[in-house]
Amino acid sequence: MQRAVLIMFVAMSLIPAGDSAGKIMTSEMGVAPVFVAWSRFFFGTLMVLPFIAPSAFALLSDWRVWLRAALLACGISAIQTALQTADIATVFAAFFIGPMFSYVLAALFLREPVTVLRSLLILAGFGGVLLVVRPGMGGDPGVLWAVTAGLCYGAFLTMSRWLTGMGVGTPIALTFSQLFISTLFLLPFGLINLPEPTLPITALTLTSAFCSMIGNLLLMYAYRISNATRLAPMVYFQLIAAVGLGRGIFGDLPDVYTWAGLAVILAAGIASTRLR
């Protein structure tokens, strides 16, 4: 269990670290957010390609797999757009509307059981997101892109559970399909927005893709060696890592409303995962 916890902490730090590299490119170097998203999928595909079986290519004929990848492509593009103007802690807090949206979709379409206590915790978490976004109260408009990303990711999570429950592909095959198809979806936009291949941009592009890919692979490995219920609350460590990276790299600290929203999201999210 201790090894799994350590792996989760590393994984949950690497994912916002990859987004921090993307934020440097979009906010300080003028790189288009869609290029950052496309390059992440492209290099992720190359990283996972040696580990897949030939049968994984059969998934490419399933329209559901294409829809799932489209949701992910839209979500990652949206979060990179949000990071261009908003600080990383705020973006991650707003992005966590995704698990809440997934809960609603799973109840409606997958007929998963709904409990009163979990529903109340989901509503509390949504209240925390509203504190971060503050619609109509002077919140950063870029955070709306983070909410869009969270909604796309919530739908992606629900489709993932649907396909996994139906036995459509192995986890590594589904990972390859989402990366490869997302690369194809964003290819025209990535090529149109190719930045000048300077050494800093190249290094940050590879860092963004590497951190994101390794973080997600470590997440899968941690869930493989330990109980998912015990590890699920640690997903919210991304919020803490995002605050630390925002302070250390960009000199950003959340305002009072965002701190309050982060606290509510963390408390409601951890309590909700402990119920499962």
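In case you missed it, the structure is sitting above this.
Residues numbered from 1 in each chain as written. Predicted model: local features only at pLDDT ≥ 70, side-chain atom pairs only at ≥ 80, totals over all residues. Heavy atoms only, no water.

**Here we look at a nonpolar patch on the surface**
Nonpolar side chains collect at one region of the surface, where Val104, Leu108 and Phe109 lie side by side and expose about 310 Å² of accessible area between them. Along the chain, leucine 108 falls in helix H5 (residues 97–109). (Patch = residues over 30% accessible without salt bridge, like charges linked within 9 Å, V, L, I, M, F, W, Y side chains within 5 Å. Areas by Shrake-Rupley, 256 points an atom, 1.4 Å probe, with all protein chains shown as cover. Salt bridge = Lys/Arg side-chain N within 4 Å of Asp/Glu carboxyl O. Helix = DSSP H or I, 4+ residues; strand = E, 2+ residues; numbered from the N terminus.)

**Observations concerning the state of the cysteines**
Within this structure, the stated rule accounts for zero disulfides. Cysteine cysteine 74 is unpaired, with the sulfur of cysteine 152 as its nearest cysteine sulfur at 5.2 Å. We classify cysteine 74 as partly exposed; its relative accessible area is 46%. (Disulfide = S-S within 2.5 Å. Buried < 20%, exposed > 50% of the residue type's maximum accessible area, 1.4 Å probe, protein only.)

**Quick notes on the packing of aromatic side chains**
For the structure shown, the criterion picks out 10 aromatic pairs. Considering the side-chain rings of phenylalanine 42 and phenylalanine 43, the 5.2 Å spacing of their centres and the 70° angle between planes classify their relative orientation as edge-to-face. Its relative accessible area of 30% is what places phenylalanine 42 among the partly exposed residues. With relative accessibility at 25%, the residue phenylalanine 43 sits in the partly exposed group. Consider the rings of tyrosine 153 and phenylalanine 156, whose centres lie 5.8 Å apart with planes at 20°: the pair is stacked. Here phenylalanine 156 and tyrosine 153 lie together in helix H7 (residues 143–165), a separation of three residues that amounts to about one turn. Overall, the relative accessible area of 28% leaves tyrosine 153 in the partly exposed class. An aromatic cluster is built from Phe35, Trp38, Phe42 and Phe43, whose rings are joined through pairwise contacts. Positioned over the ring face of phenylalanine 250 is lysine 23, at 5.4 Å from the centre of the ring. One residue, arginine 64, lies across the ring of tryptophan 162, its end atom 5.5 Å from the ring centre. (Phe/Tyr/Trp six-rings, centres within 6.5 Å; stacked < 30°, edge-to-face > 60°. Lys NZ or Arg CZ within 6 Å of the ring centre and 35° of its normal.)

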